Amino acid sequence: MNKDNFIEIIEFTDPVCSWCWGSEPLLKKLETRYEGKIKVNFVMGGLVEDIRNFNDNFNGIGGDLSTVNFQIISHWLEASKRHGMPVEANDFELFSEEDNSTYPLNIAYKAAQFQNEEFANKFLRKMREAVAAEAKKANKIEVLIELAQESGLEVAKFIENFSDGSAEKAFLEDQKICREYKVQGFPTFLVKFGEEKKVILRGYQSYENINAVIKQITNNKIIENKIESNEETVLSFIKKHEKVAPVEIEFSFDISKNDTNKIIESLSNQGLIKIMNVGNGAFISANYEPMSCNPVTGICNL
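Predicted model, so just to flag it, every value in this text is computed and none were measured. (Residues numbered from 1 in each chain as written. Predicted model: local features only at pLDDT ≥ 70, side-chain atom pairs only at ≥ 80, totals over all residues. Heavy atoms only, no water.)

Colleague: Describe empty space enclosed by the protein, naming the residues involved and giving the relevant values.
Modeller: Inspection of the entire model under this criterion finds 1 cavity of 30 Å³ or more. For the largest cavity, the calculated volume is near 40 Å³. Pro-15, Val-16, Cys-17, Ser-18, Trp-21, Trp-76, Arg-128, Val-131 and Ala-132 together form the lining of the largest cavity. Mapped onto the lining of the largest cavity, the elements with two or more residues apiece are α1 (18–21) and α5 (117–133). Take the lining of the largest cavity: its biggest share by element is 3 residues, from α5. Grouping the constituent residues of the lining of the largest cavity by class yields 7 nonpolar, 1 polar and 1 charged. (1 Å grid on protein atoms, 1.4 Å probe; cavity = no way out; pocket = protein on both sides within 12 Å on 5 of 7 lines; lining within 4 Å. Points joined across faces, edges and corners; volume = space filled by probe spheres on them. Helix = DSSP H or I, 4+ residues; strand = E, 2+ residues; numbered from the N terminus. Nonpolar A, V, L, I, M, F, W, Y, C, P; charged D, E, K, R; others polar.)

Structure follows, in structure tokens:
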């Protein structure tokens, strides 16, 4: 892409950040409405270096390792009521004396980036899903390896970069970028157009805010694509993203929750999608022919 003809959105983030998980519908909508005109990149900030020394007084998180997982999931469930992305509370126990940091997930993303940006971003999404919606202990290397393989990454190379210090060094560079932009919380969004025009927005953002910034800094040079909302376009959206929450469909196509549910029900009745209940919500994925094989991951699905 020519930098004068597309928008770059940089999300300063951490794979375990609850409001970054809640911003997934925003990113899906931006990529849908500005398809071919936008590039979303991520800078890893590292939310929790050591949970034993972490305090978020505003949300009542920190201070006691024995209760911190309960504090976190309580906050995530409250946040989920606003952003609509699914959260799994049962068996949530991300942090322990042994696994006390989110840094391994940040470093894992940087390890994935050494291979392929697209697969790395898919891997980031899978880490978010694993932590928030599946209550997996994704700060363990064993879980990260499984998610990397599911994302199409070469496992041996991923392990090498994760373990040899190269990914950790790249993560430290990302943290340096965070300091340069005075990022103190996640998510933070940097909206860029060309080399000179940039606006930084801190915290969870509405689509209207980001869209207004895009219009302003591009002087309306780059405009949204017209999007039709019907079963065909929604199915294409689901296939493109592999697994989506209903709110991501609702948000990207500007349709009501009721209309979203009708489309999902119709596609399900036709056998075109499958619905997986997770936590306090669901994921939707396309239904493929029996024994369909993904040429990227080499995984065949029954």
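Colleague: Can you explain the nonpolar core? Please cite residues and give values.
Modeller: Core analysis: the biggest nonpolar cluster contains 66 residues, and Leu-30, Trp-76, Phe-123, Met-127 and Ile-210 have the highest contact counts within it. In terms of residue count, the dominant contributor to this core is α5 (9 residues). In this structure, this core is formed jointly by two domains, domain 1 (7–181) and domain 2 (231–286), each of which donates at least three residues. Residues contacting Leu-30, with those up to four places away along its chain left out, are Glu-35, Ile-38, Tyr-207, Ile-210 and Ile-214. In terms of nonpolar packing, the next biggest core, distinct from the first, is built from 14 residues, Leu-235, Ile-264, Ile-284 and Ala-286 among them. (Core = buried A, V, L, I, M, F, W, Y, C linked by side-chain atoms within 4.5 Å. Buried < 20%, exposed > 50% of the residue type's maximum accessible area, 1.4 Å probe, protein only. Domains from an automatic or database assignment. Contact = heavy atoms within 4.5 Å.)

Colleague: Go over the side chain of Asn-139, please, and point to the residues and values.
Modeller: Here Asn-139 shows up in the loop between α5 and α6 (141–150). A polar side-chain atom of Asn-139 sits 3.1 Å from the main-chain carbonyl oxygen of Leu-94. For Asn-139, the residues in contact, after removing those within four places along its chain, are Leu-94, Phe-95, Asp-99, Ser-101, Pro-104 and Leu-105. (Polar contact = N/O pair within 3.5 Å; in protein donor to acceptor, adjacent residues only side chain to side chain.)

Colleague: Run through the domain arrangement of the chain, naming residues and quoting values.
Modeller: Segmentation of the chain into domains returns domain 1 (7–181) and domain 2 (231–286). The straight-line distance from the C-alpha centre of domain 1 to that of domain 2 is 24 Å. With 23 residues of domain 1 at the interface, the matching set in domain 2 holds 19 residues. For the pair domain 1 and domain 2, the two sides together bury roughly 1,600 Å², of which 51% comes from carbon and sulfur. It is Lys-28, Lys-29 and Pro-86 in domain 1 that bury the most area against domain 2; as a group they hold 29% of the surface buried on that side. Our count for the domain 1 to domain 2 interface comes out at 8 salt bridges. Salt-bridge contacts for Lys-240 lead to Glu-35; the nearest nitrogen and oxygen are separated by 3.5 Å. The tally of links between domain 1 and domain 2 comes to 13 residue pairs in polar contact (both at pLDDT 80 or more). Here the side of domain 1 that touches domain 2 is built from residues that sort into 8 nonpolar, 4 polar and 11 charged. (Buried area = accessible area lost by both parts, 1.4 Å probe. Salt bridge = Lys/Arg side-chain N within 4 Å of Asp/Glu carboxyl O.)

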